[in-house]
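Next come the chains, spelled out residue by residue.
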Amino acid sequence: MLRFGTDGVRGRAYKDIFPEDFNRLAQAAAHVLQPKAPVVIGRDTRQSSPDFAHALMAGFSAVGVATIDLGVAPTPAVAWAAAYAKTPGVMVSASHNPWKDNGLKLFSPEGLKLQDDAQADLEAILTDANQKPVSTLGTPNRTLDGTDLLQEYQRFLASSVSFDHNSLSVVVDAANGAATSLLPMSLQAHGLTVTVINAEPDGQNINRKCGSTVPGTVAAAVVKHNADIGLTFDGDADRVLATDHTGELVDGDQIIAICAADRQERHKLPDSTVVVTVMSNLGFHRAMAERGITVVTTPVGDRNVWAALHKGNWALGGEQSGHVIFPELATTGDGMVTALQLLEVLARRKMPLKELAAEAMTKMPQVLRNVKLGANPIDHQQLSTAIATAEQTLNGSGRLIVRPSGTEPVIRIMVEAETSQLAQSVAADLAAACVASNS
């Protein structure tokens, strides 16, 4: 049974989720979303993605809804195309998860991730025993080629910034994923010298020892090629992280801080406000306060960031993981848009990324730990006691978050402290407490 998490549906392909599930979901989506034009469908490079994408197309066709096949395309390209064509969109991807996993993300005709009520309506149909799916046997093919639409998205990317930096060399890690369909043309259009790595997907190497979950890969390549900057995407290219010329990581918090400071100076940051999630580094909050920039904090998930941005009519927000949203350009996190915005600031400021990142903020030591859950339920009282003890240890000089993942069976732990040693110690104690409470 398909269940929506914090970022769509995810699970082990052919074990937790099956093409037949996506076929039924397409038919349910046609009923709930009532598309007035062909539905846009894209996919990443996983071995199972063509099967799941074809199942979606067949499901829509069975109930008389045509589809537009973008082929391999980033998640933000699907969101952009949905808004452009004023029709729902579906992305087949498990984002940064291993290749054996798969999933999907659904977008409204406005290019927005579906709200909880729409997802609940879909789940209700899928669990209703009286709702029988329409047979797809003999269904005519109603799929249109989406090449022109994907090229239109590429033209949008090229026109979203205006700079020419022919002295800047960039290494890009495509994570053997969806970004491979766009690189390097979108960057070379601005005079950059571009070296692309991990752009040869084979169905099983997406995110494997590369991409934004393993930023050390692009860092090593930057140093090897004596490049100025590295950019590393995740499997569906809705997030991006950077490295400076020494290979040091520049994460989503720092990218947002750089762009926020630049926009503040140019009076292009409405209400002097940015939006981030609870996972953003305390150093980010301190740096923004020093610049007179208000920080609005949301729960984890770029859907929550978008909701706050839309409500406040603000211009910049995102997550430490590299999901960054520029609402005037995109309705969701877009790795390519973010990369181009960062590069435009570099061109404008004429400073190395290392100096720009240091000027933007100083990170507090932060430790992130993931604890895999077993089959037993969590003893919440035992875990709450451990969290209270950790808070006493920090004594108001740091911050901690312990939360279940919305995409994987793990507990995520984040600890910030004045020293790395203290953060490591508190995080280790909390990880042990999570294991004990789940035994």
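You'll find the structure just up there.
Residues numbered from 1 in each chain as written. Predicted model: local features only at pLDDT ≥ 70, side-chain atom pairs only at ≥ 80, totals over all residues. Heavy atoms only, no water.

Trainee: Any chance you could explain the environment of V274 here in plain terms?
Mentor: Tracing the backbone shows V274 in strand 12 (residues 273-277). On the basis of relative accessibility, which here comes to 0%, the residue V274 falls in the buried class. Placed 17 residues apart in sequence, V274 and A257 show a C-alpha to C-alpha distance of 9.0 Å. V274 has contacts with A260, L269, F284, M288, I293, T294, V295, V296 and L316, leaving out every residue within four places of it along the chain. (Helix = DSSP H or I, 4+ residues; strand = E, 2+ residues; numbered from the N terminus. Buried < 20%, exposed > 50% of the residue type's maximum accessible area, 1.4 Å probe, protein only. Contact = heavy atoms within 4.5 Å.)

Trainee: Got a minute to help me understand the pairing of strand 7 (residues 169-173) in this structure?
Mentor: Each regular strand carries side chains that alternate between the two faces of the sheet. Burial runs high along strand 7: five of the five residues are buried. Burial along strand 7 is two-sided: the face carrying S169, V171 and D173 and the face carrying V170 and V172 are both buried. Bridge analysis of strand 7 against strand 8 (residues 193-197) gives five bridges, and the strand direction is parallel. Counterpart to V170 in the pairing with strand 8 is V194. Sheet topology places strand 7 next to strand 9 (residues 229-233); four bridges connect them, and they run parallel. Looking at the pairing, D173 lines up with T232 of strand 9. (Pairing = 2+ DSSP bridges.)

Trainee: Got a minute to help me understand the packing of aromatic side chains in this structure?
Mentor: Each aromatic ring pair is described using two quantities: the centre-to-centre distance and the angle formed by the ring planes. For the structure on display, the rule yields six aromatic pairs. Aromatic side chains W80 and Y153 sit 5.7 Å apart centroid to centroid with 55° between the ring planes, which places their arrangement in the tilted category. Of this pair, W80 sits in helix 3 (residues 75-85) while Y153 sits in helix 5 (residues 147-159), placing them 73 residues apart in sequence. Centroid distance W80 to F156: 5.8 Å. Interplanar angle 20°. Geometry classified as stacked. (Phe/Tyr/Trp six-rings, centres within 6.5 Å; stacked < 30°, edge-to-face > 60°.)

Trainee: Even after reading the chapter, I still don't get the sheet that holds strand 15 (residues 324-325), so can you show me in this structure?
Mentor: Strand pairing in a sheet relies on backbone hydrogen bonds. The paired strands run either parallel or antiparallel. The strand order across the open sheet built from four strands is 13-12-14-15, with neighbouring strands paired in mixed fashion. Each having just a single partner strand, strand 13 (294-298) and strand 15 make up the two edges of the open sheet. Two elements, strand 12 and strand 13, share five bridges in a ladder whose sense is parallel. Residue pairing for strand 13: T273 is matched across the bridge by T294.

Trainee: Explain helix 5 here, please?
Mentor: Since the α-helix packs 3.6 residues into each turn, any two residues three or four apart lie on the same face. Taking 1.5 Å of rise per residue, the 13 residues of helix 5 would be expected to cover 18 Å, and the 19 Å separating its terminal C-alpha atoms lies within 8% of that figure. Considered for burial, the residues of helix 5 that qualify are L149, L150, Y153, Q154, F156 and L157. Taken end-on, helix 5 shows its buried residues confined to a sector of 155°, consistent with a single buried face. Turned more than 90 degrees away from the buried face of helix 5 sit D148 and S159, all of them exposed. Contacts made by the buried residues of helix 5 are with strand 2 (39-43), strand 3 (67-72), helix 3, helix 6 (185-188) and helix 11 (335-349). (Expected span 1.5 Å × (residues − 1). Arc of directions from axis to C-beta.)

Trainee: Got a minute to help me understand the nonpolar core in this structure?
Mentor: Within the largest apolar cluster, 69 residues are counted, with the highest numbers of intra-cluster contacts made by L187, I229, L231, F233, I258, L316 and L343. Among the elements that take part in this core, helix 11 stands out by supplying nine residues, more than any other. Residues in contact with L316, not counting those within four places in the same chain, are I256, C259, A260, L269, T273, V274, V275, L309, V324, I325, F326 and P327. Within the second largest apolar cluster, 30 residues are counted, among which are V9, L25, L56 and I125. (Core = buried A, V, L, I, M, F, W, Y, C linked by side-chain atoms within 4.5 Å.)

Trainee: Help me out: how do you make sense of the sheet that holds strand 10 (residues 240-243) in this one?
Mentor: Taken together, the five strands give an open sheet; going across it, the order is 8-7-9-10-11, and neighbouring strands pair in mixed fashion. The open sheet has two free edges, formed respectively by strand 8 and strand 11 (249-250), since each of these has just one partner strand. In the packing of helix 7 (residues 216-225) onto the sheet, the strands contacted are strand 7, strand 8, strand 9 and strand 10, and the crossing angle to strand 7 comes to about 150°. (Axes fitted to C-alpha atoms, helices over the stretch in contact; angles between N-to-C directions.)

Trainee: I would appreciate a short explanation of the side chain of T243 in the present structure.
Mentor: Among the secondary structure elements, T243 is positioned in strand 10. With relative accessibility at 1%, the residue T243 sits in the buried group.

All quantities given are derived from atomic positions and should not be read as evidence of function.
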